[in-house]
Amino acid sequence: MQKKIVIGNWKMNPLSLKEAEKLLIEISESFSLIKKTEIIICPPFIYLESLRRLLKAKNYKLKLNLGAQDSFWENIGAYTGEVSAEMLYNIGVKYVILGHSERRAMGENNIDINKKIKSALSSGLIPIICIGENVRDEKHEYLNFVKMQIEESLDKISRNNISKIIIAYEPVWAIGKGTLPATVEEFREMSIFIRKILSDKFGIDNVENIRIIYGGSVDEKNAEGFIKDGHADGFLPGRASLDSKKFSKIIKICEVLNK
Ligand code: PEP
């Protein structure tokens, strides 16, 4: 059984490095003892290097690592505006979110995400792969949609590498302001479905320890249910990760419920 993981996606926030440092310090200093839960903070690219130095200088006794919110599939070259997985690895980043719905909405598809996953894995980053349907329809077409996202984005990933990935189930209809989270039952069913697809493709032994986490309006009030009854392996909060009190409560819930 893998330890729970909480991954904060700061998206395009906050506005200055000073605020980013303040938030990271507030989060890191809000615990006296977190031993089992892994914490990942994914700030905008521009803050990664400074935040890594800050963490090193502070030497907190936490399993806290940094992640990026995207990476490109080529390592180096004429790709204006892109940042490669290898560049991220070289500055000490360990994780990368790939296939977030906000990037898919800008045109990224499963084939792009597949190339990004391969590049992240070969550079030594752990990909956090976001999947999830836009809507739920009565004919359950959304199940085929999620299946295709998994099959296409994980095409030709080796059996050796597959156990390294993290899957974040984030139904698009549950993300952001003014939405409701998925129910615990909806998450539990989807997580069983996802593991079955993974196991059909890569073999049960290679996928039984893959963490399947939940994202979409997760907060300090609903987190416990997702773990206790939904068997979530952790969370990918967006808004709640920008509030140090809410974010640390989510982490404490995971710590208490960690086996
Ligand atoms: C997200 O965008 O990954 C997300 C889960 O956002 P929020 O928690 O704000 O719904």
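Residues numbered from 1 in each chain as written. Predicted model: local features only at pLDDT ≥ 70, side-chain atom pairs only at ≥ 80, totals over all residues. Heavy atoms only, no water.

Topic: the overall build of the chain
Of the regular secondary structure elements, the chain holds 11 helices and eight strands. Relative to the 2.2 N^0.38 estimate, which gives 18 Å for 259 residues, the radius of gyration of the chain is 17 Å and therefore close to what a compact globule would have. Each of the 259 residues in the chain was classed as buried or not, and the buried ones make up 51%. By element, 53% of the accessible surface of the chain is carried by carbon and sulfur atoms, the whole surface being about 12,700 Å². Positive and negative side-chain charges of the chain, numbering 39 and 34 respectively, have mean locations separated by a distance of 6 Å. (Helix = DSSP H or I, 4+ residues; strand = E, 2+ residues; numbered from the N terminus. Rg over C-alpha atoms; globule rule 2.2 N^0.38 Å. Buried < 20%, exposed > 50% of the residue type's maximum accessible area, 1.4 Å probe, protein only. Areas by Shrake-Rupley, 256 points an atom, 1.4 Å probe, with all protein chains shown as cover. Lys, Arg positive; Asp, Glu negative; His and termini not counted. Charge placed at Lys NZ, Arg CZ, Asp CG, Glu CD.)

So, the side chain of Glu220
By the secondary structure assignment, Glu220 is in the loop between strand 7 (211-214) and helix 10 (223-228). Other than its neighbours up to four places away in sequence, Glu220 contacts Lys246, Lys249, Ile250 and Ile253. (Contact = heavy atoms within 4.5 Å.)

Comments concerning the UniProt feature "active site" (unreviewed entry) in the chain
Annotation from UniProt places "active site" (unreviewed entry) at His100 and Glu170. Of the residues just listed, which span 71 residues, no C-alpha pair is farther apart than 8.5 Å, and they cluster in one region. As for the annotated residues, the ones lining the largest cavity are His100 and Glu170. Within the secondary structure, His100 is located in the loop between strand 4 (95-98) and helix 4 (101-104). For His100, a relative accessible area of 5% gives the class buried. (UniProt positions renumbered as here; feature names shortened; annotations may be inferred. 1 Å grid on protein atoms, 1.4 Å probe; cavity = no way out; pocket = protein on both sides within 12 Å on 5 of 7 lines; lining within 4 Å.)

Some words on the nonpolar core
Counting 66 residues, the largest nonpolar core has Leu154 and Ile194 as its most contacted members. Considering every element that reaches this core, the biggest residue donor is helix 8 (residues 184-202), with seven residues. Counting residues in each nonpolar core, the second largest holds 12 residues, with Ile5, Ile128, Cys130 and Ala168 among its members. (Core = buried A, V, L, I, M, F, W, Y, C linked by side-chain atoms within 4.5 Å.)

Quick word on the pairing of strand 4
Residues Tyr95 and Ile97 line one face of strand 4 and the alternating positions Val96 and Leu98 line the opposite face, and both faces are buried. Taken together, the two bridges between strand 3 (residues 64-68) and strand 4 define a ladder with parallel strand orientation. Bridged to Ala68 within strand 4 is Val96. Regarding topology, helix 3 (residues 85-90) serves as the crossover connection from strand 3 to the parallel strand 4, and that connection is right-handed. Of the strand pairs in this sheet, strand 4 and strand 5 (residues 126-131) are connected by four bridges, and their pairing is parallel. Directly across from Leu98, in strand 5, lies its bridge partner Ile129. (Pairing = 2+ DSSP bridges. Right-handed = clockwise from strand over helix to strand, strands pointing away.)

Re the packing of aromatic side chains
Any two aromatic rings considered together are summarised by their centre-to-centre distance and by the angle between their planes. Counted according to the given criterion, the structure contains seven aromatic pairs. Summarising the aromatic geometry, the rings of Phe187 and Tyr214 are spaced 5.7 Å apart at their centres and angled 75° between planes, so their arrangement reads as edge-to-face. With a gap of 27 residues between them, Phe187 in helix 8 and Tyr214 in strand 7 connect regions that are remote in the sequence. Given the relative accessible area of 0%, Phe187 is considered buried. Its relative accessible area of 0% is what places Tyr214 among the buried residues. Considering the side-chain rings of Phe226 and Phe235, the 6.3 Å spacing of their centres and the 80° angle between planes classify their relative orientation as edge-to-face. The burial state of Phe226 is the same as that of Phe235; both residues are buried. Following the ring pairs from residue to residue traces out a cluster consisting of Tyr169, Phe187, Tyr214, Phe226 and Phe235. The ring of Trp73 has Lys115 lying over it, and the distance from NZ or CZ to the ring centre is 3.9 Å. (Phe/Tyr/Trp six-rings, centres within 6.5 Å; stacked < 30°, edge-to-face > 60°. Lys NZ or Arg CZ within 6 Å of the ring centre and 35° of its normal.)

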